[in-house]
Amino acid sequence: MAKFRPRILHHGRTLVTSPVPTSPPATQAPNPFAHARFLLSAAKLTQLPQDHLAEVAFVGRSNAGKSSALNLICQQKQLARVSKTPGRTQLINLFDLPVTAAAATEAAPQASIRARLVDLPGYGFAQVPLEIRRNWGLLVGGFVEQRINLRGLVVVMDIRHPMTDLDLQMLGWCEARGLPTHILLTKADKLGHGAGKNVLLKVRKELRELDPAMTVQTFSAHTQMGAEMVREVLTAWLEAPASGDQPV
Ligand SMILES: Nc1nc2c(ncn2[C@@H]2O[C@H](COP(=O)(O)OP(=O)(O)OP(=O)(O)O)[C@@H](O)[C@H]2O)c(=O)[nH]1
Ligand SMILES: [Mg+2]
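Just so you know, these numbers come straight off a predicted model, no measurement behind them. (Residues numbered from 1 in each chain as written. Chains lettered and ligands numbered in written order. Predicted model: local features only at pLDDT ≥ 70, side-chain atom pairs only at ≥ 80, totals over all residues.)

Side note on the environment of Arg 61
When you line up the elements, Arg 61 lands in the loop between β2 (55-60) and α1 (66-73). A residue is classified by how many C-beta atoms lie within 10 Å of it, and Arg 61, with 22 of them, is buried. Separated by 106 residues in the primary sequence, Arg 61 and Asp 167 have C-alpha atoms spaced 7.3 Å apart. Setting aside residues up to four positions removed in sequence, Arg 61 forms contacts with Gly 122, Tyr 123, Gly 124, Met 157, Asp 158, Thr 164, Leu 166 and Asp 167. (Helix = DSSP H or I, 4+ residues; strand = E, 2+ residues; numbered from the N terminus. Buried ≥ 20, exposed ≤ 12 C-beta atoms within 10 Å, placed from the backbone. Contact = placed C-beta atoms within 7 Å.)

In structure tokens form, the structure reads like this:
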């Protein structure tokens, strides 16, 4: 198990990743994530399903807004638990996207993606005891490094405090794993339009240095800004054929 430590990111690696759409679709497609339902919470990697179903994981600092983002993407208020207390999610929470009769109609086949969404415990909460931090490293580190089901990672950052040292370390893990990585700059409602755009451009510039394949967008769980955009990114990842990626 590698330690959670800074990695030197190399340049110019090409990853297969979906381009971030720049404008909303002309017609509103059905939301393929609306049928998500809670599957299980895992305290250990061995408790996770052992199959080959595609998964996308949400990771980021504690209190950044991971669970809120998941809820908006799935258009459900209480799918993932949201809390004002940082460090609330200490378990890996899995959500199933089942193919239901309601979801999979011939008219809207894109409304049925058989996959899972994963809410990972957050990092960077100063008051967390050493024991819990150790456990976090084993759980989240192990998941990001080894989970064969992973098709992509969404790194959630508070737009007011993006690209912290711990975020950069996480991006290093994502980069090492070689999976598509998309950054959500969330709580964008807390900044004015111009200020938010400036942060977006700055982060995009930093990513060009770190890993040009990584993508970024602004997002707000409160105003729904960027929800359709991230749904399109996830859909493209989950619908893409598996790359034969093996655990590292
Ligand atoms: N203004 C604003 N607040 C948000 C937004 N997203 C989340 N929050 C608030 O931020 C706090 C933390 O949100 P969560 O979604 O629980 O964050 P988390 O990353 O899942 O936190 P942990 O599970 O503790 O790691 C809550 O009080 C949310 O209401 C947003 O887009 N805008
Ligand atoms: Mg959470």
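Details of the pairing of strand β5 (residues 150-158)
Counted residue by residue, β5 has eight buried out of nine residues, so it is predominantly covered. Across six bridges, the pairing between β2 and β5 is parallel. Residue pairing for β5: Gly 60 is matched across the bridge by Val 156. Looking at chain direction, β5 and strand β6 (residues 181-186) are connected through six bridges and run parallel. Within the sheet, the bridge partner assigned to Leu 153 lies in β6 and is Thr 181. (Pairing = 2+ DSSP bridges.)

Here we look at the confidence of the model for the protein
Averaged over all residues, the pLDDT of the protein is 83; the fraction at 70 or higher stands at 78%. Below pLDDT 50 for its whole length, residues 1-22 participates in 38 contacts with residues either more than four positions away or in separate chains. (pLDDT = per-residue confidence, 0-100.)

A few points about α1
Summarising burial for α1: eight of the eight residues are buried, a large majority. Looking only at α1, the buried set comprises Lys 66, Ser 67, Ser 68, Ala 69, Leu 70, Asn 71, Leu 72 and Ile 73. Among the residues trailing α1, Gln 75 stands out with phi positive, at a value near 50 degrees.

Considering the pairing of strand β7 (residues 215-218)
As judged from the four bridges shared by β6 and β7, these two strands associate in the parallel manner. Residue Leu 184 lies in a different strand from β7, and its bridge partner there is Gln 217. With respect to chirality, the unit in which β6 leads through helix α4 (residues 193-210) into the neighbouring parallel β7 is right-handed. (Right-handed = clockwise from strand over helix to strand, strands pointing away.)

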